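A structural walkthrough
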Amino acid sequence: MSVFRFGMPVFRRPAARPFAAVVVAATALAAGSLTAPAHVASGTPAPPRRAASHSALSQSTARPTCAVDDTDGCLNNTATSTFTTTTSPADADGSGDSLDAADLTGTAGWRSGGTVTVDGATITLPRFGTGSHDNMLASGQTLTLPGGSVADTGDAVVFLAFATGDAVKGATGTITYAGNNCLNPDGEPADQDYRLDTVPDWLSGPPAAASITLAHENHSDNTQTSPGSGPKVYAVSVPLACPGSVVSSISLPLLGDGGGDGGGVQAGRPALHVLGLGIRPTTLTGSGPTARHWVGTWAAVQDTDRVKSSDDSTATVDGRTLRVPAHVSIGTDSGNGVRVHLSNATGATPVTFDAASVALQDTGAGGATAAAAPATLTFDGSPSVTVPAGADVVSDPVALTVRQQATVLVSLRVHGPVSAMPGHSVARAPVWVSDPADRTGDTAAAHYTRTTYTGLPYLSGIDVTTSTAQPTGSLVLYGDQSVNGDTASEDGRHHLSDAITDALVDDPHGNASVAYGVLNAGTSTKLLPQITDSTVPTNALNPEDRDVLAQGNVRTVLVSLGADDLLNCAGNAATCATEVERGLASLDTRLSSYYTDDSQISFDQQPVTQNSGITVYLATIPPFTAAHPGTATQEAAREQVNTYLLDDYPGRFVDLAAAVSTDGTATSPTVKAADLSDGNPSDAYYADLAGRYVDDVDSGTLLYPPD
């Protein structure tokens, strides 16, 4: 079996290519002659070299093999302990320090030996706090994926992991596909090498990237401390180069020997701990006549652990029903299927929903009034569901006809008192709450009252069915307040995503339809991800994995970031600009290393990768406003960044700065007065941004328009 290197950032083709073209591209890639685009390749190191395959590693030392849902045979380190007067032995870092099992199983709700779904991937957990081995210190173990009991097809592998002794960088392993599932140019089964750019340290790693942050650290002298920055567990995703193909096994990176009484850990030496891994499914469900393709139609970034009320107090709820509106983009196809994503990704404790429903808003009455009796939502057949801290869940599909740009009402009966609700912090949308009863089935709004919440709790996304023959993808808008619409009208219909759907419908060159999902992944303040081990990373951490790559059938991403980085930079203009330029280029490479869900063709009825990557566009940074003024140095840096984008990304940028600037250029220092209200961007501001995007699509300025 040959080893076929994937991961080179490439563009998704605008239409299916003939098999001959695929072979040429794949052959060039395997030979190392297929290069990255100039904007990525210039001034950056070559892609990482291929790792040795698992079979080669095994020639000298036998490595354990186990099933991904039963990892007992691959566990070789004890990293969790039960804190009592006689703390159970554990040593995660070579110094006798460990995670507190009660933080995981009690506070966070991660069931020992159970499963947890993180970033869309369901992962089997080890047993915590027993004194026995409870994690895999990465040393070349092979995890098999038994068909039927776990997901063995998808678009990405998600690792639940953390490092001790400092971050682990550049760790490599191999993904092995089942026979006749992912072929190389010679028509033979191919393995995929992967590289983990950086797995952060459990204590010093970035809190914003953590899937869960625990309160305590236990020590071998039977003491317990509460470090301010951790400990943390991270979700690290790796793109599957053959989305939808059956994966037979995944080998972990080879770091150390994994043996010895300390599980191979030594104080001060980086070690990679893996709690478990799972495959994130593609948006194709079922097969044959029951097959369904799904696409995201609405999304909200999970960016706060405490949704606030208008008086800045923490919003609470106690045994009541929340009714949350979502102004969608694309509608359902003839399949009329809808499914709902709920998230506790930024929460610290589990939450239980006793009941949930989905309905269309009554267009006449508006508010919390449904147009018809809501459809009951279930989760794996159950009307209730508990979502652990750091986790997410997707409902079973329901039949509901949804028109484009409709407002959907999602109702959630929250079990018991909740002192803090995670969710989206600045929503510019109303939320309603009922009396102390299950009102998820109510059509009328009589038992609902509008809250003063400034954010949206729990609801993270909505998917709808799309054509099986010609599935539609989604455009994810990833950015700061320019995407989120922080100062737009408070009706939930004036974010940049809403303005784009309006512009698509009103486009004189279109047919008054929204042809693809438009998803809002904006948040109030947003910094570019830190550049870690490589300037050309080929895997992702949160929040970009959760906010972008886990969305429904994402094909295109428009990145609008950099403003907050510049406003936080105290250096000279050149230094500030260069840091933002490097950050944008790194994020572009990271996102474009992932593949679309429908990025394969078949040859002799066998799937062959097309190297069909997600298309990424970068937006120029609009001028600073009176509400967020920049210094003269920061303005000079902004203009330098925009010039860089115009020069280095031909056909791959959207000039949002020109859309709202006084003189219609990317380097104008001021926003035109017509787009401001009290010094803040108004609805007209976001409409102008959307108009520029649609104009660029119509004019052919963009290389591969979304579809």
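Being a predicted model, the structure only gives us computed values, none of them experimental.

1. Describing the overall build of the chain
A tally of regular secondary structure across the chain gives 12 helices and 43 strands. For the chain, contacts bridging at least 24 residues in sequence account for 81% of all contacts bridging at least 6. On the chain, roughly 24900 Å² of surface is accessible, and the fraction owed to carbon and sulfur atoms is 51%.

2. Describing unusual backbone geometry
Here the amide bond leading from Gly 230 into Pro 231 is cis, since omega sits at -5 degrees, within 30 degrees of zero. The phi dihedral of Asp 119 is positive, around 55 degrees, even though this residue is not glycine. Relative to the elements of secondary structure, Asp 119 occurs in the loop between β5 (115-118) and β6 (121-124). Of note in this structure, Asn 180 is not a glycine but carries a positive phi near 65 degrees. Relative to the elements of secondary structure, Asn 180 occurs in the loop between β10 (168-177) and β11 (190-199).

3. Digging into the pattern of salt bridges
Under the criterion given, the structure shown has 18 salt bridges. With its nearest N and O atoms 3.1 Å apart, the salt bridge here joins Asp 545 to Arg 280. Separated by 265 residues along the polypeptide, Asp 545 in helix α7 (residues 544-549) and Arg 280 in strand β17 (residues 271-280) bring together distant segments of the chain. As a salt-bridge pair, Lys 308 and Asp 312 come within 3.5 Å of each other at their nearest N and O atoms. If you follow the salt bridges from partner to partner, you end up with Asp 155, Arg 280 and Asp 545 in one network.

4. A short note on the packing of helix α6 (residues 496-506) against helix α12 (residues 683-699)
Two elements in contact, α6 and α12, have axes whose closest approach is 8 Å; the angle formed by their N-to-C orientations is 55 degrees. In terms of their interaxial angle, α6 and α12 are classed as oblique. The two elements α6 and α12 cross, and the hand of that crossing is right-handed. When α6 is examined against α12, the residues Leu 496, Ala 499, Ile 500, Ala 503 and Leu 504 are found in contact with a partner set consisting of Tyr 686, Ala 687, Leu 689, Ala 690, Tyr 693 and Val 694. Among the residues making up the contact of α6 with α12, the classes are represented as 11 nonpolar, no polar and no charged.

5. Looking at helix α9 (residues 573-592)
A rise of 1.5 Å per residue sets the reference length of α9, with its 20 residues, at 28 Å; its end C-alpha atoms lie 28 Å apart and thus fit the reference within 8%. Most of α9 is tucked away, with 15 of its 20 residues classed as buried. The distance from a side-chain oxygen at the start of α9 to the backbone nitrogen of Ala 574 is 3.2 Å, and the residue carrying that oxygen is Asn 572.

6. Focus: empty space enclosed by the protein
Within this structure, the stated rule accounts for two cavities of 30 Å³ or more. Counted as a void, the largest cavity has a volume near 80 Å³. Every residue lining the largest cavity is listed: Asp 155, Arg 280, Leu 549, Gln 551, Asn 553, Val 554, Tyr 594, Tyr 595, Thr 596, Asp 597 and Ile 614. For the lining of the largest cavity, the per-class residue count stands at five nonpolar, three polar and three charged. Taken as a whole, the second largest cavity holds about 30 Å³ of empty space. The wall of the second largest cavity is formed by Leu 475, Thr 556, Val 557, Leu 558, Tyr 617, Val 654, Tyr 693, Leu 702 and Pro 706. A total of three residues in the lining of the second largest cavity trace back to one element, the largest contributor, which is strand β37 (residues 554-560). When grouped by side-chain class, the residues that make up the lining of the second largest cavity number eight nonpolar, one polar and no charged.

7. What about the environment of Thr 386?
Positionally, Thr 386 belongs in strand β25 (residues 385-387). What makes Thr 386 partly exposed here is its relative accessible area of 46%. When the C-alpha positions of Thr 386 and Pro 350 are compared, they lie 6.7 Å apart, and in sequence the two are 36 residues distant. Each residue touching Thr 386, except ones within four places of it in the same chain, is listed here: Pro 350, Val 351 and Thr 352. For Thr 386, the side chain forms a polar contact with the side chain of Thr 352, separated by 2.7 Å.

Rules used in this analysis
Position labels on residues start from 1 in each chain and follow its written sequence. Note on the predicted model: pLDDT of at least 70 is required for a residue's local features to be given, and 80 or more for side-chain atom pairs to be given and counted; whole-chain, interface and lining totals, by contrast, use all residues. As a convention, hydrogens and water are excluded, and side-chain values are obtained from all of the structure's heavy atoms. Under the scheme used here, helices are H or I runs from DSSP no shorter than 4 residues and strands are E runs no shorter than 2 residues, and both carry numbers assigned from the N terminus. Two residues form a contact once any of their heavy atoms are found within 4.5 Å. Every accessible area reported is derived by Shrake-Rupley at a probe size of 1.4 Å, with residue values counting cover from the shown protein chains alone. Whenever Lys or Arg places a side-chain nitrogen within 4 Å of a carboxyl oxygen from Asp or Glu, that contact is recorded as a salt bridge. Fitting a line to C-alpha atoms yields each axis, with helices limited to the stretch in contact; the angle taken between N-to-C directions then spans 0 to 180 degrees. Here the angle decides the label: under 35 degrees means roughly parallel, over 145 means roughly antiparallel, 65 to 115 means roughly perpendicular, and every other value means oblique. The crossing is said to be left-handed when, going from far helix to near helix, the turn is anticlockwise and less than a right angle, and right-handed when the turn is clockwise. Following the grouping adopted for this structure description, the nonpolar residues are Ala, Val, Leu, Ile, Met, Phe, Trp, Tyr, Cys and Pro, the charged ones are Asp, Glu, Lys and Arg, and the polar ones are all others, Gly among them. Residue count minus one, scaled by 1.5 Å, sets the expected span of a helix. The rule is simple: take the accessible area with a 1.4 Å probe, protein chains only, and divide by the maximum for that residue type; under 20% is buried, over 50% is exposed, in between is partly exposed. Counting of polar contacts relies on pairs of N or O atoms within 3.5 Å, with two restrictions inside protein: one atom must be capable of donating a hydrogen and the other of accepting it, and residues adjacent in sequence are counted only when both atoms are side-chain atoms. Think of a 1 Å grid over the protein atoms and nothing else: a 1.4 Å probe that fits but is trapped marks a cavity, an open set flanked by protein within 12 Å on at least five of seven lines marks a pocket, and residues with an atom within 4 Å of a point count as lining. Grid points are joined across faces, edges and corners, and a volume is the space filled by probe spheres set on the points.

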